[in-house]
Amino acid sequence: MVSTRRFFAGFIAASMLFAAGCSSSPTQESTGEYFDDSTITTKVKTAIYNEPTLKVLQINVETYKSVVQLSGFASSSDDIYTAGKVARSVKGVVSVKNDMRLK
């Protein structure tokens, strides 16, 4: 009886630690959020790549908690605007921080 209680107490403690380890905090993503952000980054990069007016190699995309950050250099203000617009159109993007600069 005592060993059964200890087993269940240990099991519950381990379960709580595991759950806490997989949760997110203000500075760290959970495992699910990380994979969601990776998917969003890939979709944004694909959308930018498919936009014929943008030069893909000069646009960097990073995502944290569904917020996309664009950085890099563009030839015109229109390109910066278009990159932000394309990123906002991707499903799952909460907001876009456009840090792109003119050459």
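Residues numbered from 1 in each chain as written. Predicted model: local features only at pLDDT ≥ 70, side-chain atom pairs only at ≥ 80, totals over all residues. Heavy atoms only, no water.

> Would you mind going over the sheet that holds strand β1 (residues 59–64) with me for this structure?
Strands belonging to one sheet form pairs held by backbone hydrogen bonds; the direction of such a pair is parallel or antiparallel. The sheet built from three strands is open, its strands ordered β1-β2-β3 with mixed pairing. Since the sheet does not close on itself, it has two edges, and those belong to β1 and β3 (95–102), each with one partner. The mean angle between the axes of side-by-side strands here comes to 15°, regardless of whether they run parallel or antiparallel. Relative to strand β2 (residues 67–74), β1 runs antiparallel, the two being bridged by six bridges. Within β2, the residue paired with Thr 63 across the bridge is Val 68. Taken strand by strand, helix α3 (residues 77–88) contacts β1, β2 and β3, and its axis lies near 160° from that of β3. (Pairing = 2+ DSSP bridges. Helix = DSSP H or I, 4+ residues; strand = E, 2+ residues; numbered from the N terminus. Axes fitted to C-alpha atoms, helices over the stretch in contact; angles between N-to-C directions. Contact = heavy atoms within 4.5 Å.)

> Help me out: how do you make sense of the nonpolar core in this one?
In a soluble, globular protein the nonpolar side chains are often hidden away together inside. In terms of nonpolar packing, the biggest core is built from 17 residues, with Val 44, Ile 48, Ile 59, Val 68 and Leu 70 touching the most fellow members. Of all the secondary-structure elements, those providing two or more residues to this core are α2 (31–50), β1, β2, α3 and β3. In terms of residues, this core owes the most to one element, α3, which gives four residues. (Core = buried A, V, L, I, M, F, W, Y, C linked by side-chain atoms within 4.5 Å. Buried < 20%, exposed > 50% of the residue type's maximum accessible area, 1.4 Å probe, protein only.)

> I would appreciate a short explanation of the pairing of β3 in the present structure.
Across eight bridges, the pairing between β2 and β3 is parallel. By the bridge assignment, Gly 72 is partnered in β3 with Met 100. Considered for its hand, the β-α-β crossover made up of β2, α3 and β3 is right-handed. (Right-handed = clockwise from strand over helix to strand, strands pointing away.)

All we've got here are geometric facts, nothing functional implied.
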